[in-house]
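Examining the three-dimensional arrangement
Single-letter residue listing:
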Amino acid sequence: MSTATRAIGLILLGCAPRLAAADQPPLAPPSTSEDRLLFSADGATLTGGSGGGGAAALWSHSFAPQDVLSAGAEYQQIANSHWTNGVLSGSFALGSGTPAAAAAYAEAHEGAGDIAQRGFHYSVVTAGLLITPAQWLTVQLEERRIDVDTSHGNLPKLGLSFHVAKSLLVSASYADTAGGNLGTQLTSLRIDYAGPALNALAGAAEGRAAPAVLNLLGQVVQPSPKLKELFAGVGRSFGRSDWQLLADYQDLEGFKRTTITLLCTLHLDGRGRPP
């Protein structure tokens with residue numbers, strides 16, 4: 001396999017945490033209108049001794065509990081590739097009530113990068129709908145379009161979130177490729193806890209990876225190799241800032257990746273939960 005194909009495979013593998021660990025609806029949205037700055041930094045290790053890292057910075061404004069607009073930029077480097085994206089996302093309530101019975105959201109990551117001596121285009125666009133038919137249940141319908149170099153396809157997802165207690169949320173989701181050459185199937189389970197002083201999350205995902213993520217070790221691998229993932233995180237507020245530390249582990253039939261991410265949310269108006 002060529003160096004360029006290996007790099008694209010690593011890029012798509014790097015998207016996997018978003019599929020499982022980062023796309024669930026928040027347990028508690030902001031309660032008032034406010035401005036925030038969001039920063040993140042991550043580092044990763046890969047089988048074979050290589051790795052990478054990246055960072056992101058976004059501005060976010062909440063108009064109401066479920067009406068949020070965010071914009072920023074992100075940079076990522078892994079193995080012999082790197083790319084930079086602009087990020088734009090938003091969500092808004094459908095109907096009246098607090099919280100509303102339904103909300104729509106969208107997110108776009110658009111940019112470009114380089115693999116060794118050539119460039120590539122990066123585009124991941126997501127749109128979804130959150131429906132709350134009962135206080136204890138939220139249904140998530142999502143469509144994700146992925147165009148990264150020569151890998152293209154749609155990845156629709158169905159998610160169910162069960163509010164088993166005021167501070168405890170249990171979520172399950174299933175995503176399957178519809179068209180293109182992604183060949184991805186992913187089932188995930190996640191638990192979120194939001195306490196007065198500490199937030200925590202943990203989960204797992206299992207399924208099939210994209211055909212582009214093949215031959216990462218220079219070996220012949222059958223299409224759609226199995227992917228196993230474990231992730232966990234803990235967060236705490238300090239005055240006007242919220243901090244979260246996330247760990248993500250992936251095993252793609254022997255090719256392993258471990259990522260540690262630190263996130264910080266700074267409330268510009270000085271509001272925040274007490275420590």
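Residues numbered from 1 in each chain as written. Predicted model: local features only at pLDDT ≥ 70, side-chain atom pairs only at ≥ 80, totals over all residues. Heavy atoms only, no water.

Okay, the overall build of the protein chain next. Check the secondary structure of the protein chain and you find one helix and 16 strands. Within the protein chain, contacts between residues at least 6 apart in sequence are counted, and of these 50% link residues at least 24 apart. In the structure as shown, the protein chain presents an accessible area of about 13,000 Å², 64% of it carried by carbon and sulfur atoms. (Helix = DSSP H or I, 4+ residues; strand = E, 2+ residues; numbered from the N terminus. Contact = heavy atoms within 4.5 Å. Areas by Shrake-Rupley, 256 points an atom, 1.4 Å probe, with all protein chains shown as cover.)

What follows is about the nonpolar core. In terms of nonpolar packing, the biggest core is built from 16 residues, with Phe 120, Tyr 122 and Val 148 touching the most fellow members. Elements with a contribution of two residues or more to this core: strand E6 (118–134) and strand E7 (137–148). Broken down by element, the residue count for this core peaks at three residues, all from E6. (Core = buried A, V, L, I, M, F, W, Y, C linked by side-chain atoms within 4.5 Å. Buried < 20%, exposed > 50% of the residue type's maximum accessible area, 1.4 Å probe, protein only.)

It is worth spelling out the pairing of E7 at this point. Of all twelve residues that make up E7, nine are buried, and the element is covered over most of its length. Bridging between E6 and E7 involves eleven bridges; their strand directions are antiparallel. Across the sheet, the residue bridging to Ala 127 is Glu 143, located in E7. Between E6 and E7, which pair antiparallel one after the other, the connecting turn spans two residues. Note that E7 and strand E9 (residues 157–165) share six bridges and pair antiparallel. (Pairing = 2+ DSSP bridges.)

Turning our eyes to something else, we now look at the environment of Gln 66. Relative to the helices and strands, Gln 66 is located in the loop between strand E2 (51–64) and strand E3 (67–78). Look at Gln 66 and you get buried, because its relative accessible area is 18%. Taking C-alpha positions, Gln 66 is 9.4 Å from Gly 90, a pair spaced 24 residues apart along the chain.

Taken together, the side chains of Leu 198, Val 234, Phe 238, Trp 243, Leu 245, Ile 260 and Leu 262 present a nonpolar region at the surface, about 610 Å² in accessible area. Only strand E14 (226–238), strand E15 (241–252) and strand E16 (255–267) provide two or more residues apiece to the nonpolar patch. Position of Ile 260 relative to the elements: it lies in strand E16. (Patch = residues over 30% accessible without salt bridge, like charges linked within 9 Å, V, L, I, M, F, W, Y side chains within 5 Å. Salt bridge = Lys/Arg side-chain N within 4 Å of Asp/Glu carboxyl O.)

This part is about the pairing of E3. Looking at chain direction, E2 and E3 are connected through twelve bridges and run antiparallel. Residue pairing in the sheet places Ala 64 in a bridge with Asp 67 of E3. Two successive antiparallel strands, E2 and E3, enclose a turn made up of two residues. Examined bridge by bridge, E3 and strand E4 (residues 81–94) share eleven bridges and lie antiparallel to one another. Paired with Glu 74 across the two strands is Asn 85, which belongs to E4.

Moving on, we come to the packing of aromatic side chains. Think of a pair of aromatic rings as described by two things: how far the centres are apart, and how the planes are tilted against each other in angle. In this structure the tally under the stated criterion is three aromatic pairs. With 6.0 Å between their ring centres and 15° between their planes, Trp 83 and Tyr 122 make a pair best called stacked. One end of the pair, Trp 83, is in strand E4; the other, Tyr 122, is in strand E6, and 39 residues separate them in sequence. Both residues of the pair, Trp 83 and Tyr 122, count as buried. When the centroid spacing of 6.4 Å and the interplanar angle of 15° are considered together, the rings of Trp 136 and Phe 162 count as stacked. Here Trp 136, found in the loop between E6 and E7, pairs with Phe 162, found in strand E9; they are 26 residues apart in sequence, far enough to count as distant. (Phe/Tyr/Trp six-rings, centres within 6.5 Å; stacked < 30°, edge-to-face > 60°.)

Position of His 61 among the secondary structure elements: in strand E2. Exposure remark for His 61: the relative accessible area of 14% places this residue in the buried category. A polar contact of 3.3 Å, which involves the side chain of His 61, links it to the backbone oxygen of Glu 34. Not counting residues up to four positions away in its chain, the partners in contact with His 61 are Ser 33, Glu 34, Asp 35, Asp 67, Val 68 and Leu 69. (Polar contact = N/O pair within 3.5 Å; in protein donor to acceptor, adjacent residues only side chain to side chain.)

Scored by pLDDT, the protein chain has a mean of 81; 79% of the residues are at 70 or more. Note on residues 211–222: pLDDT under 50 across the span, and 33 contacts to partners over four residues away in sequence or across chains. (pLDDT = per-residue confidence, 0-100.)

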